[in-house]
Amino acid sequence: MTAQTDIPTPRSPYVRRKTTRGNYELYSWVFMRASGVLLVVLVFGHLFVNLMVGDGVKAIDFAFVGGKWSSPFWQIWDLLMLWLAMIHGTNGVRTIINDYAQRDVTRGVLKSLLYLAFTITVVLGTLVIFTFDPCPPDAPAELLASFCTA
């Protein structure tokens, strides 16, 4: 009497499973490479302007950020850096979760927490960048000297 098993014999040829998911993982892989290159440019540009131009790190304060974010160019620069870094990092952690979480429930919970953290960070970061008031009404005059009109 032979028992039926679900384990294939060791010499059975590999059979590729058909998938209907499309090319999401390919696009994810390409995005990681492209966003990585763009992030290198954005981050090193950010560091150069903040640390090397002007008085260096000792000059970074509220007035420095206010002066920088009073320009739409720097708002878009920092916003692009935030979004790309968050999408890039979330995609990388999603891949790690898919690789190492063995149970479907664990994978679902971890990815849900990841997407929640992503959403909160991106929404709050975007709000800070675009609602930041570089000229608050109750700020001391010496703080606002270079970019606010009295």
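That block above? That's the structure.
Cut-off values and rules
Residues numbered from 1 in each chain as written. Predicted model: local features only at pLDDT ≥ 70, side-chain atom pairs only at ≥ 80, totals over all residues. Heavy atoms only, no water. Helix = DSSP H or I, 4+ residues; strand = E, 2+ residues; numbered from the N terminus. Polar contact = N/O pair within 3.5 Å; in protein donor to acceptor, adjacent residues only side chain to side chain. Contact = heavy atoms within 4.5 Å. Phe/Tyr/Trp six-rings, centres within 6.5 Å; stacked < 30°, edge-to-face > 60°. Buried < 20%, exposed > 50% of the residue type's maximum accessible area, 1.4 Å probe, protein only. Lys NZ or Arg CZ within 6 Å of the ring centre and 35° of its normal.

(A) Main features of the side chain of Ser28. As for its placement among the helices and strands, Ser28 is situated in helix α1 (residues 24-52). A distance of 2.7 Å separates polar atoms of two side chains, one belonging to Ser28 and the other to Asn91. Those residues within four positions of Ser28 in sequence are excluded, and the remaining contacts are Asn91 and Arg94.

(B) Representation of the packing of aromatic side chains within the structure. Throughout the structure, instances matching the rule amount to four aromatic pairs. With a centroid separation of 5.3 Å and 85 degrees between ring planes, the pair formed by Trp69 and Phe132 is classed as edge-to-face. Of this pair, Trp69 sits in helix α2 (residues 62-69) while Phe132 sits in the segment after α4 (104-131), and the two are 63 residues apart along the sequence. Note on Trp69: relative accessible area 15%, which makes it buried. Ring geometry for Trp74 and Trp77: centres 5.4 Å apart, planes at 55 degrees, overall tilted. With Trp74 and Trp77 both in helix α3 (residues 72-100), this residue pair falls three residues apart, about one helical turn. In this pair, the class of Trp74 matches that of Trp77, namely buried. Ring-pair connections join several aromatic residues into one group, and the members of that group are Phe73, Trp74 and Trp77. One residue, Lys68, lies across the ring of Trp74, its end atom 4.9 Å from the ring centre.

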